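The lines below spell out each chain.
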Amino acid sequence: MQTGTVKFFIESKGFGFIVDDSTNQEVFVHVTGLGGVQIRQNDKVSFETIEGKKGLNAINVKKI
């Protein structure tokens, strides 16, 4: 599992970005990757990544 900080998440649109702690790379996160967890800006999270159409997508996102 990777860890990171939520850069932003727009609930009304259902997406945002997480900054990976180890690479400082921004990873796209969609509401479908949250598994019912609500995230907000600056939350610390753990997540896994998969390759999406436009780059890495965060899945299995959990607050830590």
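An unreviewed UniProt entry lists the protein chain under the name Cold-shock DNA-binding protein family, from Pseudarcicella hirudinis. Of the protein chain, the UniProt comment under Subcellular location (unreviewed entry) reads exactly: "Cytoplasm".

Asks: Describe the overall build of the protein chain, and please don't skip the residues or the numbers.
Replies: Of regular secondary structure, the protein chain possesses zero helices and five strands. Helices and strands in the protein chain line up, N terminus first, as β-β-β-β-β. For 64 residues, the compact-globule estimate of 2.2 N^0.38 gives 11 Å, and the protein chain sits close to it at 10 Å. Dimensions of the protein chain, computed from C-alpha atoms along their principal axes, come out at roughly 25 × 25 × 15 Å. Put simply, the protein chain has 64 residues, and 30% of those count as buried. Carbon and sulfur atoms make up 50% of the accessible area of the protein chain, which amounts to about 4200 Å² in all. With 8 positive and 7 negative side-chain charges, the protein chain shows a separation of 7 Å between the mean positions of the two kinds.

Asks: Can you explain the pairing of strand E5 (residues 55-63)? Please cite residues and give values.
Replies: Two elements, strand E3 (residues 26-30) and E5, share two bridges in a ladder whose sense is parallel. Residue pairing across strands places Phe 28 opposite Asn 57, the latter belonging to E5. Connecting the antiparallel pair strand E4 (residues 44-52) and E5 is a turn made up of two residues.

Asks: Can you tell me about the sheet that holds E4, naming the residues and giving the values?
Replies: Pairing is mixed in the closed barrel, where five strands are placed in the order E1-E2-E3-E5-E4. Within this sheet the neighbouring strands show an average axis-to-axis angle of 50 degrees, counted without direction.

Asks: Explain the nonpolar core to me, and be specific about the residues and the numbers.
Replies: Counting residues in hydrophobic clusters, the biggest one holds eleven residues: Val 6, Phe 9, Ile 18, Val 27, Val 29, Leu 34, Ile 39, Val 45, Phe 47, Ala 58 and Val 61. If we ignore the near neighbours within four places in the chain, the residues touching Val 29 are Phe 9, Gly 14, Phe 15, Gly 16, Phe 17, Ile 18, Leu 34, Ile 39, Ala 58 and Val 61.

Asks: Run through the UniProt feature "domain: CSD" (unreviewed entry) in the protein chain, naming residues and quoting values.
Replies: Feature annotation in UniProt places "domain: CSD" (unreviewed entry) on residues 1-63, given in this structure's numbering. With 0% helix and 60% strand, residues 1-63 has its two end C-alpha atoms placed 12 Å apart.

Asks: Any details on the packing of aromatic side chains? Residues and values, ideally.
Replies: Summed over all chains, the structure comprises three aromatic pairs. Ring centres 6.0 Å apart and planes at 20 degrees place the aromatic pair Phe 15 and Phe 28 in the stacked group. Within this pair, whereas Phe 15 is found in strand E2 (residues 15-20), its partner Phe 28 is found in strand E3, the two being separated by 13 residues in sequence. Residue Phe 15 is classed as partly exposed on the basis of its relative accessible area, which comes to 25%. Given the relative accessible area of 25%, Phe 28 is considered partly exposed. Each residue in the set Phe 8, Phe 15, Phe 17 and Phe 28 is aromatic and connected to the rest through ring pairs, giving one cluster.

Rules behind the numbers
- Residues numbered from 1 in each chain as written.
- Predicted model: local features only at pLDDT ≥ 70, side-chain atom pairs only at ≥ 80, totals over all residues.
- Heavy atoms only, no water.
- UniProt positions renumbered as here; feature names shortened; annotations may be inferred.
- Helix = DSSP H or I, 4+ residues; strand = E, 2+ residues; numbered from the N terminus.
- Rg over C-alpha atoms; globule rule 2.2 N^0.38 Å.
- Buried < 20%, exposed > 50% of the residue type's maximum accessible area, 1.4 Å probe, protein only.
- Areas by Shrake-Rupley, 256 points an atom, 1.4 Å probe, with all protein chains shown as cover.
- Lys, Arg positive; Asp, Glu negative; His and termini not counted.
- Charge placed at Lys NZ, Arg CZ, Asp CG, Glu CD.
- Pairing = 2+ DSSP bridges.
- Axes fitted to C-alpha atoms, helices over the stretch in contact; angles between N-to-C directions.
- Core = buried A, V, L, I, M, F, W, Y, C linked by side-chain atoms within 4.5 Å.
- Contact = heavy atoms within 4.5 Å.
- Phe/Tyr/Trp six-rings, centres within 6.5 Å; stacked < 30°, edge-to-face > 60°.

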